[in-house]
Amino acid sequence: MPDTYAWTPYEPENDADLAGPVGLPMPYGLHAALREQIGAERTTQVAELLRPSLELCPDVPEDTIGWTPVGHTGGCAALPADVDWPEGDGHPMELLAQLDCARLAEAFQAGRSATSWPLPAHGLLLFFHDSFPVDPSKESCTVLHFPSGTPERPAPPDPDGGEPLPGRPVWARWALSAPSYLDDELVDALAGDYRDAMDVSDACHEHLGGADIRLLGWCDSHNTTRPDGHRPLLQVEGSAADARWGELVNVSVWITDEDLAAGRFDRARYGAEVA
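Quick caveat: nothing in here was measured; it's all calculated off a predicted structure.

Caption draft 1: Up close: the overall build of the protein chain. A count of helices and strands for the protein chain gives 5 helices and 12 strands. Counting all 275 residues of the protein chain, 51% fall into the buried class. Excluding contacts between residues fewer than 6 apart, the proportion of contacts in the protein chain whose partners are at least 24 apart in sequence is 69%. As presented, the protein chain carries roughly 13200 Å² of accessible surface, and 49% of it is formed by carbon and sulfur atoms.

Here is the structure:
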(Lines give C-alpha, C1' and ligand atoms only; values in the text may rest on other atoms or scores of the structure.)
Protein backbone atom coordinates (compact mmCIF):
# COMPACT_ATOMS: atom_id res chain seq x y z
CA MET A 1 0.00 0.00 0.00
CA PRO A 2 1.54 3.37 -1.01
CA ASP A 3 2.38 5.74 1.84
CA THR A 4 0.12 8.65 0.97
CA TYR A 5 1.59 10.65 3.84
CA ALA A 6 5.24 10.49 2.82
CA TRP A 7 5.37 14.19 1.98
CA THR A 8 8.66 15.67 0.82
CA PRO A 9 9.14 19.40 1.61
CA TYR A 10 9.03 21.52 -1.52
CA GLU A 11 10.09 25.14 -1.76
CA PRO A 12 8.70 26.82 -4.90
CA GLU A 13 10.98 29.20 -6.74
CA ASN A 14 8.03 31.30 -7.93
CA ASP A 15 4.24 31.28 -8.10
CA ALA A 16 4.25 29.08 -11.22
CA ASP A 17 6.01 26.35 -9.27
CA LEU A 18 3.30 26.02 -6.62
CA ALA A 19 2.19 22.40 -6.43
CA GLY A 20 -1.43 23.16 -5.65
CA PRO A 21 -3.88 25.12 -3.50
CA VAL A 22 -3.05 25.65 0.17
CA GLY A 23 -4.31 22.72 2.24
CA LEU A 24 -4.00 20.10 -0.52
CA PRO A 25 -0.27 19.45 -0.81
CA MET A 26 0.83 17.28 -3.71
CA PRO A 27 3.55 14.77 -2.79
CA TYR A 28 6.82 15.97 -4.28
CA GLY A 29 7.41 12.75 -6.21
CA LEU A 30 4.09 13.17 -8.01
CA HIS A 31 4.69 16.87 -8.56
CA ALA A 32 8.10 16.19 -10.11
CA ALA A 33 6.73 13.44 -12.35
CA LEU A 34 3.89 15.62 -13.62
CA ARG A 35 6.18 18.61 -14.24
CA GLU A 36 8.31 16.40 -16.45
CA GLN A 37 5.28 15.02 -18.30
CA ILE A 38 3.07 18.08 -18.76
CA GLY A 39 5.00 21.13 -17.50
CA ALA A 40 4.62 23.41 -14.47
CA GLU A 41 1.48 25.26 -15.55
CA ARG A 42 -0.54 22.15 -16.30
CA THR A 43 0.76 20.49 -13.13
CA THR A 44 -0.73 23.37 -11.14
CA GLN A 45 -4.03 22.86 -12.97
CA VAL A 46 -4.01 19.17 -12.10
CA ALA A 47 -3.20 19.96 -8.46
CA GLU A 48 -6.29 22.14 -8.28
CA LEU A 49 -8.41 19.11 -9.15
CA LEU A 50 -7.15 16.96 -6.27
CA ARG A 51 -9.82 16.10 -3.72
CA PRO A 52 -9.47 15.07 -0.10
CA SER A 53 -11.02 11.73 0.76
CA LEU A 54 -11.01 9.01 3.37
CA GLU A 55 -9.43 5.67 2.55
CA LEU A 56 -11.21 2.91 4.45
CA CYS A 57 -9.59 -0.40 5.25
CA PRO A 58 -11.06 -3.46 7.01
CA ASP A 59 -9.48 -5.14 9.99
CA VAL A 60 -6.69 -2.63 10.65
CA PRO A 61 -5.28 -3.10 14.20
CA GLU A 62 -6.48 -0.45 16.62
CA ASP A 63 -2.95 0.61 17.52
CA THR A 64 -1.97 1.34 13.92
CA ILE A 65 -0.86 4.96 13.73
CA GLY A 66 -2.84 7.16 11.40
CA TRP A 67 -6.00 5.05 11.26
CA THR A 68 -9.29 5.79 13.04
CA PRO A 69 -12.02 3.17 13.64
CA VAL A 70 -15.14 4.49 11.89
CA GLY A 71 -17.71 1.69 11.73
CA HIS A 72 -18.23 -1.46 9.71
CA THR A 73 -19.14 -2.89 6.35
CA GLY A 74 -22.07 -5.31 6.24
CA GLY A 75 -23.60 -6.82 9.34
CA CYS A 76 -26.43 -5.30 11.35
CA ALA A 77 -27.85 -1.81 10.83
CA ALA A 78 -28.74 0.81 13.43
CA LEU A 79 -32.25 1.50 12.15
CA PRO A 80 -34.89 3.09 14.40
CA ALA A 81 -37.79 0.77 15.25
CA ASP A 82 -40.21 2.79 13.11
CA VAL A 83 -37.98 2.64 10.01
CA ASP A 84 -38.29 -0.33 7.68
CA TRP A 85 -35.21 -2.02 6.29
CA PRO A 86 -34.76 -0.67 2.73
CA GLU A 87 -35.93 -2.98 -0.05
CA GLY A 88 -35.03 -3.38 -3.70
CA ASP A 89 -36.79 -5.54 -6.29
CA GLY A 90 -38.74 -7.44 -3.65
CA HIS A 91 -35.92 -8.31 -1.27
CA PRO A 92 -34.01 -6.52 1.49
CA MET A 93 -31.16 -4.33 0.33
CA GLU A 94 -27.68 -5.22 1.52
CA LEU A 95 -26.00 -2.99 4.10
CA LEU A 96 -22.80 -1.82 2.41
CA ALA A 97 -21.47 0.19 5.34
CA GLN A 98 -22.47 1.87 8.57
CA LEU A 99 -20.13 4.75 9.43
CA ASP A 100 -19.81 6.97 12.50
CA CYS A 101 -19.87 10.58 11.30
CA ALA A 102 -17.97 11.97 14.30
CA ARG A 103 -15.18 9.43 13.79
CA LEU A 104 -15.13 10.14 10.05
CA ALA A 105 -14.81 13.88 10.72
CA GLU A 106 -11.98 13.18 13.18
CA ALA A 107 -10.06 11.14 10.59
CA PHE A 108 -10.69 13.75 7.89
CA GLN A 109 -9.55 16.67 10.03
CA ALA A 110 -6.41 14.77 11.02
CA GLY A 111 -5.26 14.98 7.41
CA ARG A 112 -3.38 17.74 5.64
CA SER A 113 -6.44 19.38 4.15
CA ALA A 114 -7.81 22.80 5.00
CA THR A 115 -11.07 21.71 3.37
CA SER A 116 -14.03 21.56 5.75
CA TRP A 117 -15.62 18.20 6.50
CA PRO A 118 -18.51 18.10 3.99
CA LEU A 119 -20.71 15.45 5.65
CA PRO A 120 -22.66 15.49 8.94
CA ALA A 121 -20.36 15.61 11.96
CA HIS A 122 -22.67 13.56 14.20
CA GLY A 123 -24.81 10.46 13.89
CA LEU A 124 -24.47 7.45 11.62
CA LEU A 125 -24.48 7.19 7.85
CA LEU A 126 -25.92 3.94 6.52
CA PHE A 127 -25.36 2.86 2.92
CA PHE A 128 -27.58 0.17 1.40
CA HIS A 129 -27.60 -1.26 -2.11
CA ASP A 130 -29.38 -3.85 -4.22
CA SER A 131 -26.65 -6.31 -5.15
CA PHE A 132 -28.80 -7.81 -7.95
CA PRO A 133 -30.79 -4.89 -9.34
CA VAL A 134 -33.13 -5.41 -12.25
CA ASP A 135 -32.39 -1.87 -13.43
CA PRO A 136 -29.27 -0.29 -11.83
CA SER A 137 -30.20 3.11 -13.28
CA LYS A 138 -33.13 3.33 -10.89
CA GLU A 139 -33.20 3.41 -7.09
CA SER A 140 -30.65 0.68 -6.43
CA CYS A 141 -29.11 2.34 -3.37
CA THR A 142 -30.30 4.10 -0.23
CA VAL A 143 -28.35 6.39 2.11
CA LEU A 144 -29.77 7.14 5.55
CA HIS A 145 -28.58 9.37 8.41
CA PHE A 146 -29.70 8.62 11.97
CA PRO A 147 -28.58 9.66 15.46
CA SER A 148 -25.94 7.55 17.16
CA GLY A 149 -27.04 5.11 19.83
CA THR A 150 -29.81 3.48 17.82
CA PRO A 151 -29.88 -0.28 18.53
CA GLU A 152 -28.67 -2.44 15.66
CA ARG A 153 -30.78 -5.15 14.05
CA PRO A 154 -30.05 -7.79 11.42
CA ALA A 155 -31.45 -7.72 7.91
CA PRO A 156 -34.80 -9.47 7.44
CA PRO A 157 -34.70 -12.85 5.69
CA ASP A 158 -34.23 -12.70 1.95
CA PRO A 159 -37.04 -14.57 0.15
CA ASP A 160 -34.48 -15.66 -2.44
CA GLY A 161 -32.21 -17.10 0.24
CA GLY A 162 -29.47 -14.52 -0.19
CA GLU A 163 -26.97 -14.10 2.63
CA PRO A 164 -26.27 -10.58 3.98
CA LEU A 165 -22.83 -9.06 3.72
CA PRO A 166 -20.79 -10.18 6.76
CA GLY A 167 -19.92 -7.50 9.29
CA ARG A 168 -16.31 -6.27 9.19
CA PRO A 169 -14.91 -3.32 11.18
CA VAL A 170 -13.28 -0.58 9.11
CA TRP A 171 -10.68 2.08 9.88
CA ALA A 172 -10.13 5.33 7.98
CA ARG A 173 -7.33 7.74 7.17
CA TRP A 174 -7.18 10.93 5.11
CA ALA A 175 -5.92 10.47 1.56
CA LEU A 176 -5.60 12.52 -1.60
CA SER A 177 -7.70 11.42 -4.55
CA ALA A 178 -7.03 12.32 -8.18
CA PRO A 179 -9.23 12.29 -11.28
CA SER A 180 -8.65 9.82 -14.11
CA TYR A 181 -8.63 10.15 -17.87
CA LEU A 182 -12.35 9.29 -17.78
CA ASP A 183 -13.15 12.47 -15.85
CA ASP A 184 -14.00 15.44 -18.05
CA GLU A 185 -12.49 17.82 -15.51
CA LEU A 186 -9.02 16.39 -16.05
CA VAL A 187 -9.30 16.23 -19.83
CA ASP A 188 -10.58 19.83 -19.92
CA ALA A 189 -7.71 21.01 -17.68
CA LEU A 190 -5.30 19.47 -20.19
CA ALA A 191 -6.91 21.24 -23.15
CA GLY A 192 -8.58 18.07 -24.35
CA ASP A 193 -5.34 16.09 -24.64
CA TYR A 194 -6.54 12.58 -23.88
CA ARG A 195 -3.04 11.07 -24.05
CA ASP A 196 -1.76 13.52 -21.43
CA ALA A 197 -4.79 12.69 -19.30
CA MET A 198 -3.89 8.98 -19.42
CA ASP A 199 -0.27 9.75 -18.47
CA VAL A 200 -1.44 11.91 -15.56
CA SER A 201 -3.80 9.14 -14.42
CA ASP A 202 -0.95 6.63 -14.41
CA ALA A 203 1.35 8.96 -12.46
CA CYS A 204 -1.32 9.76 -9.88
CA HIS A 205 -2.10 6.08 -9.34
CA GLU A 206 1.60 5.27 -8.97
CA HIS A 207 2.18 7.95 -6.32
CA LEU A 208 -1.20 8.10 -4.57
CA GLY A 209 -2.38 4.53 -5.00
CA GLY A 210 -6.00 3.47 -4.96
CA ALA A 211 -8.40 2.44 -2.23
CA ASP A 212 -10.54 -0.67 -1.97
CA ILE A 213 -13.05 1.38 -0.01
CA ARG A 214 -13.13 5.17 -0.36
CA LEU A 215 -15.40 7.87 0.99
CA LEU A 216 -15.56 11.06 -1.12
CA GLY A 217 -12.78 11.82 -3.62
CA TRP A 218 -12.74 10.66 -7.25
CA CYS A 219 -13.76 7.35 -8.76
CA ASP A 220 -11.03 4.69 -8.49
CA SER A 221 -12.55 2.30 -11.02
CA HIS A 222 -12.12 2.83 -14.75
CA ASN A 223 -14.96 0.45 -15.57
CA THR A 224 -17.79 1.49 -13.28
CA THR A 225 -20.94 3.21 -14.44
CA ARG A 226 -20.76 6.94 -13.69
CA PRO A 227 -24.03 8.84 -13.23
CA ASP A 228 -23.84 12.16 -15.10
CA GLY A 229 -23.44 15.24 -12.92
CA HIS A 230 -22.54 13.23 -9.80
CA ARG A 231 -19.40 12.55 -7.78
CA PRO A 232 -18.65 9.35 -5.82
CA LEU A 233 -19.73 9.39 -2.20
CA LEU A 234 -18.77 5.81 -1.28
CA GLN A 235 -16.93 3.14 -3.29
CA VAL A 236 -16.63 -0.47 -2.13
CA GLU A 237 -14.57 -3.20 -3.76
CA GLY A 238 -16.37 -6.49 -3.23
CA SER A 239 -13.24 -8.38 -2.19
CA ALA A 240 -12.58 -5.87 0.61
CA ALA A 241 -16.02 -6.47 2.08
CA ASP A 242 -16.05 -10.29 1.74
CA ALA A 243 -18.90 -9.89 -0.73
CA ARG A 244 -20.38 -12.63 -2.86
CA TRP A 245 -21.65 -10.58 -5.75
CA GLY A 246 -20.85 -12.90 -8.63
CA GLU A 247 -19.66 -10.83 -11.58
CA LEU A 248 -20.26 -7.58 -9.69
CA VAL A 249 -16.83 -6.53 -8.40
CA ASN A 250 -17.28 -2.91 -7.30
CA VAL A 251 -20.27 -0.82 -6.26
CA SER A 252 -20.48 2.89 -5.63
CA VAL A 253 -22.92 5.51 -4.36
CA TRP A 254 -22.94 8.87 -6.12
CA ILE A 255 -24.18 12.34 -5.18
CA THR A 256 -24.40 15.77 -6.81
CA ASP A 257 -22.35 18.70 -5.53
CA GLU A 258 -25.59 20.45 -4.60
CA ASP A 259 -26.90 17.54 -2.54
CA LEU A 260 -23.51 17.01 -0.88
CA ALA A 261 -23.43 20.64 0.21
CA ALA A 262 -26.99 20.39 1.53
CA GLY A 263 -26.47 17.07 3.30
CA ARG A 264 -29.26 15.56 1.21
CA PHE A 265 -28.92 11.84 0.53
CA ASP A 266 -32.34 10.78 -0.77
CA ARG A 267 -31.34 11.35 -4.40
CA ALA A 268 -28.14 9.28 -4.32
CA ARG A 269 -27.42 7.26 -7.46
CA TYR A 270 -25.85 3.86 -7.97
CA GLY A 271 -22.73 2.82 -9.87
CA ALA A 272 -21.40 -0.66 -10.53
CA GLU A 273 -18.48 -2.44 -12.17
CA VAL A 274 -19.02 -5.87 -13.66
CA ALA A 275 -16.11 -8.20 -14.42
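Caption draft 2: Spatial organisation of helix α1 (residues 28-47). Between its first and last C-alpha, α1 extends only 12 Å over 20 residues, short of the 28 Å set by a 1.5 Å rise per residue. The axis of α1 is deflected most strongly, by about 120°, at Ile-38. Of the positions making up α1, those classed as buried are Leu-30, His-31, Leu-34, Ile-38, Thr-43, Thr-44, Val-46 and Ala-47. Looking at the buried side of α1, the elements it contacts are α3 (184-189) and α4 (194-208).

Caption draft 3: Representation of the side chain of Gln-98 within the structure. Here Gln-98 lies in strand β5 (residues 94-100). Since its relative accessible area comes to 5%, Gln-98 is described here as buried. Of note is the side chain of Gln-98, whose polar atom sits 2.7 Å from the backbone nitrogen of Ala-78. Within the local environment of Gln-98, its side chain forms a polar contact with the side chain of Glu-152, the two groups lying 2.8 Å apart. Residues within four places of Gln-98 in sequence aside, it is in contact with Val-70, Gly-71, His-72, Cys-76, Ala-77, Ala-78, Leu-124, Leu-125, Leu-126 and Glu-152.

Caption draft 4: Quick peek at the sheet that holds strand β7 (residues 141-146). The 10 strands lie next to each other as β7-β6-β5-β2-β8-β1-β9-β10-β11-β12, forming an open sheet whose pairing is antiparallel. Two strands in the sheet have a free side with no partner beyond their single neighbour: β7 and β12 (269-274). Between one strand axis and the next, the sheet turns through 25° on average, direction left out of account. With 3 bridges joining them, strand β9 (residues 213-216) and strand β10 (residues 231-237) adopt antiparallel strand pairing. Opposite Arg-214, over in β10, you have Gln-235 as the bridge partner.

Caption draft 5: Up close: the packing of aromatic side chains. A complete count under the given rule lists 3 aromatic pairs for this structure. Measuring from ring centre to ring centre gives 5.4 Å for Trp-85 and Phe-128, while their planes differ by 80°; the resulting arrangement is edge-to-face. Of this pair, Trp-85 sits in the loop between β2 (68-73) and β3 (87-88) while Phe-128 is found in strand β6 (residues 124-129), placing the two residues 43 residues apart along the sequence. By the burial criterion, Trp-85 is buried, and Phe-128 matches it. Arranged with centres 5.2 Å apart and planes meeting at 55°, the rings of Phe-108 and Trp-117 form a pair that is tilted. Of the two residues examined, Phe-108 and Trp-117, each falls in the buried class. Taking the ring centre of Trp-218 as reference, the NZ or CZ of Arg-51 above it sits at 3.5 Å.

Caption draft 6: A look at a nonpolar patch on the surface. Together, Leu-182, Tyr-194 and Met-198 give the surface a local cluster of nonpolar side chains, amounting to about 250 Å² of exposed area. Its place among the elements puts Leu-182 in the loop between β8 (168-177) and α3. For Leu-182, a relative accessible area of 32% corresponds to the partly exposed category.

Caption draft 7: Region of the structure containing α4. Spanning 15 residues, α4 covers 21 Å between terminal C-alpha atoms, matching the ideal 21 Å at 1.5 Å per step. If you check which residues of α4 are buried, you get Asp-196, Ala-197, Val-200, Ser-201, Ala-203, Cys-204 and Leu-208. Where α4 is buried, its residues contact α1, β8 and α3. Capping of α4 at its N-terminal end is provided by Asp-193; its side-chain oxygen lies 3.2 Å from the backbone amide nitrogen of Arg-195. Backbone geometry just downstream of α4 places Gly-209 in the positive-phi region, at approximately 70°.

Caption draft 8: How the structure looks around the packing of α1 against α4. Where α1 contacts α4, the two axes come as close as 10 Å, and the packing angle between them is 130°. As summarised for this structure, α1 and α4 are arranged oblique, according to the angle between their axes. Crossing angle aside, the handedness with which α1 passes α4 is left-handed. Contacts from Gly-29, Leu-30, Ala-33, Leu-34, Gln-37, Ile-38, Arg-42 and Val-46 of α1 reach α4 at Asp-196, Asp-199, Val-200, Ala-203, Cys-204, His-207 and Leu-208.

Caption draft 9: Broad picture of the nonpolar core. One finds Phe-127 and Leu-215 to be the most contacted residues of the largest nonpolar core, which totals 60 residues. Leaving out residues up to four positions away in the same chain, Phe-127 has contacts with Glu-94, Leu-95, Leu-96, Ala-97, Leu-99, Thr-142, Val-143, Leu-215, Leu-233, Leu-234 and Val-253. The next biggest cluster of nonpolar side chains, apart from the first, holds 11 residues, and it includes Ala-78, Trp-85, Leu-126 and Leu-144.

Here is what the cut-offs are and how they apply
- Residues numbered from 1 in each chain as written.
- Predicted model: local features only at pLDDT ≥ 70, side-chain atom pairs only at ≥ 80, totals over all residues.
- Heavy atoms only, no water.
- Helix = DSSP H or I, 4+ residues; strand = E, 2+ residues; numbered from the N terminus.
- Buried < 20%, exposed > 50% of the residue type's maximum accessible area, 1.4 Å probe, protein only.
- Contact = heavy atoms within 4.5 Å.
- Areas by Shrake-Rupley, 256 points an atom, 1.4 Å probe, with all protein chains shown as cover.
- Expected span 1.5 Å × (residues − 1).
- Bend = angle between axes of the 7 residues up to and from the residue.
- Polar contact = N/O pair within 3.5 Å; in protein donor to acceptor, adjacent residues only side chain to side chain.
- Pairing = 2+ DSSP bridges.
- Axes fitted to C-alpha atoms, helices over the stretch in contact; angles between N-to-C directions.
- Phe/Tyr/Trp six-rings, centres within 6.5 Å; stacked < 30°, edge-to-face > 60°.
- Lys NZ or Arg CZ within 6 Å of the ring centre and 35° of its normal.
- Patch = residues over 30% accessible without salt bridge, like charges linked within 9 Å, V, L, I, M, F, W, Y side chains within 5 Å.
- Salt bridge = Lys/Arg side-chain N within 4 Å of Asp/Glu carboxyl O.
- Parallel < 35°, antiparallel > 145°, perpendicular 65-115°, else oblique.
- Left-handed = near helix turned anticlockwise from the far one by under 90°.
- Core = buried A, V, L, I, M, F, W, Y, C linked by side-chain atoms within 4.5 Å.

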